[in-house]
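Descriptive analysis of the structure
Spelled out from the first residue to the last, the chains are:
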Amino acid sequence: MELHHEFTVPVPVDQAWPALLDIERVAPCLPGAVVEEYDGRTVTGSVKVKVGPVTVTYRGTAVFEEQDAQQHRMVLVANGRETRGQGTARATVTGTLTERDGGTAVSVRTDLTVTGRPAQFGRGVLAEVGDRLVGQFADCLASRLAERPGAATGAAGMGEEAAATGEAAGAGKAAGAGRAGAPEARRAGEEPPPLDLLRTAGVPLAKRAAPIAAALAALVVVVLRLRRRGRRHGRKRRG
């Protein structure tokens, strides 16, 4: 399936480009993701996905097939497999950065193939889940980009860093208004919670379940009416 998402970050494209390539820095903004190794081109790690009571862990690699600094275009090919199952995930992600009103618009096209439990949701639900996750990622990334790059020494430096962190958190909350469950950036080495697919897709799933429930209810009503008519006809024949 092919998915398309777009988000903006409040920094110029020349600043956003290296930030998005700084995998260790942006990884904490990705729900359920753990980066184990990154050599500048290949990322090795895992992603945990929770589907109801079951948690699925995908382990694999992602390789930057293209990093065009002049066109601000990147292509990432990722492959993963369940650690305790036969499910697989493969994605080719193409990202393009464009300067827009002093900030940067990031367009992401994803060619995704998933097998196993998450595949049961289909393209529609996965697309809406993707929208939410991209929104949460954009908020978290904007917060991190608002942080000062270096930590100053001494009490004054600690005060400045705390103020910067507070401003970044405020900016992230303001930008993320209306997005439920936006993740907070994790500390280095902290084990992330799994990506809860049902929780993230709660509203979309409810929307899709409503027509099905209505159809089932209508079917039950029809069956009950047919049964009542059958009983009435049986009583008349006996009478």
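Note that the structure is a prediction, hence the values are computed from the model and not measured.

Cut-offs and rules
Residues numbered from 1 in each chain as written. Predicted model: local features only at pLDDT ≥ 70, side-chain atom pairs only at ≥ 80, totals over all residues. Heavy atoms only, no water. Buried < 20%, exposed > 50% of the residue type's maximum accessible area, 1.4 Å probe, protein only. Helix = DSSP H or I, 4+ residues; strand = E, 2+ residues; numbered from the N terminus. Pairing = 2+ DSSP bridges. Core = buried A, V, L, I, M, F, W, Y, C linked by side-chain atoms within 4.5 Å. Contact = heavy atoms within 4.5 Å. Salt bridge = Lys/Arg side-chain N within 4 Å of Asp/Glu carboxyl O. Polar contact = N/O pair within 3.5 Å; in protein donor to acceptor, adjacent residues only side chain to side chain. Phe/Tyr/Trp six-rings, centres within 6.5 Å; stacked < 30°, edge-to-face > 60°. Expected span 1.5 Å × (residues − 1). pLDDT = per-residue confidence, 0-100.

This brings us to the pairing of strand β1 (residues 2-9). Residues L3, H5, F7 and V9 of β1 are buried on one face, while the alternating residues E2, H4, E6 and T8, pointing to the opposite face, are not. Where β1 meets strand β7 (residues 103-114), eight bridges bridge the pair, whose relative direction is antiparallel. Residue pairing across strands places H5 opposite V108, the latter belonging to β7.

A separate point is the nonpolar core. F7, L97 and L141 are the most contacted members of the largest nonpolar core, which has 26 residues in total. Only β1, α1 (13-21), α2 (23-26), β4 (54-68), β7 and α3 (122-145) provide two or more residues apiece to this core. Ignoring sequence-local partners within four residues, the contact set of L141 consists of F7, V9, L20, V26 and C29. Counting residues in hydrophobic clusters, the runner-up holds 11 residues, among them V51, F121, L133 and L195.

The next subject is the pattern of salt bridges. Scanning all chains against the criterion turns up five salt bridges. Taking the shortest distance from any N to any O, the salt bridge between E6 and R100 comes out at 3.1 Å. Residue E6 is located in strand β1, and its partner R100 is located in strand β6 (residues 88-100); the two are separated by 94 residues in the primary sequence. Assessed through its relative accessible area of 43%, R100 is described here as partly exposed.

Attention now goes to the side chain of H5. For H5, the position within the fold is in strand β1. Overall, the relative accessible area of 8% leaves H5 in the buried class. For H5, the side chain forms a polar contact with the side chain of D131, separated by 3.1 Å. Ignoring sequence-local partners within four residues, the contact set of H5 consists of V106, S107, V108, A127, G130, D131 and V134.

Looking now at the packing of aromatic side chains. Tallied over the full model, the rule gives two aromatic pairs. Both rings, one in F7 and one in F137, keep their centres 5.8 Å apart while their planes meet at 85°; by these two values the pair is edge-to-face. A residue pair is termed long-range when its members are at least 10 positions apart, and F7 in strand β1 and F137 in helix α3 qualify at 130 residues. Just as F7 is buried, F137 falls in that class too.

In this structure, H72 takes a positive phi of about 55° despite not being glycine. Here H72 falls in the buried class, since its relative accessible area comes to 13%. Here the phi dihedral of D101 falls at roughly 50°; this positive angle occurs in a residue that is not glycine. Mapped onto the fold, D101 is located in the loop between β6 and β7. We classify D101 as exposed; its relative accessible area is 81%.

With that settled, the discussion passes to the pairing of β7. Bridging between β6 and β7 involves 12 bridges; their strand directions are antiparallel. Across the sheet, T98 pairs through a bridge with A105, a residue of β7. The loop that links β6 with its antiparallel partner β7 comprises two residues; one of these, D101, has a positive phi angle of about 50°.

Taking 1.5 Å per residue as the helical rise, α3 with its 24 residues ought to reach 34 Å, and the 34 Å between its terminal C-alpha atoms agrees with that figure. In terms of burial, α3 is a largely internal element, 18 of the 24 residues being buried.

Here we come to the environment of A27. Here A27 shows up in the loop between α2 and β2 (33-38). Separated by 110 residues in the primary sequence, A27 and F137 place their C-alpha atoms 9.6 Å from one another.

What follows is about the confidence of the model for the protein chain. In this model, the protein chain carries a mean pLDDT of 74, and residues with pLDDT of at least 70 account for 66%. When the criterion is pLDDT under 50, residues 150-182 qualifies, and its contacts beyond four places in sequence or with other chains add up to 19 contacts. Under a pLDDT of 50 for its full length, residues 203-217 has, in the predicted model, nine contacts with residues more than four places off or in other chains.

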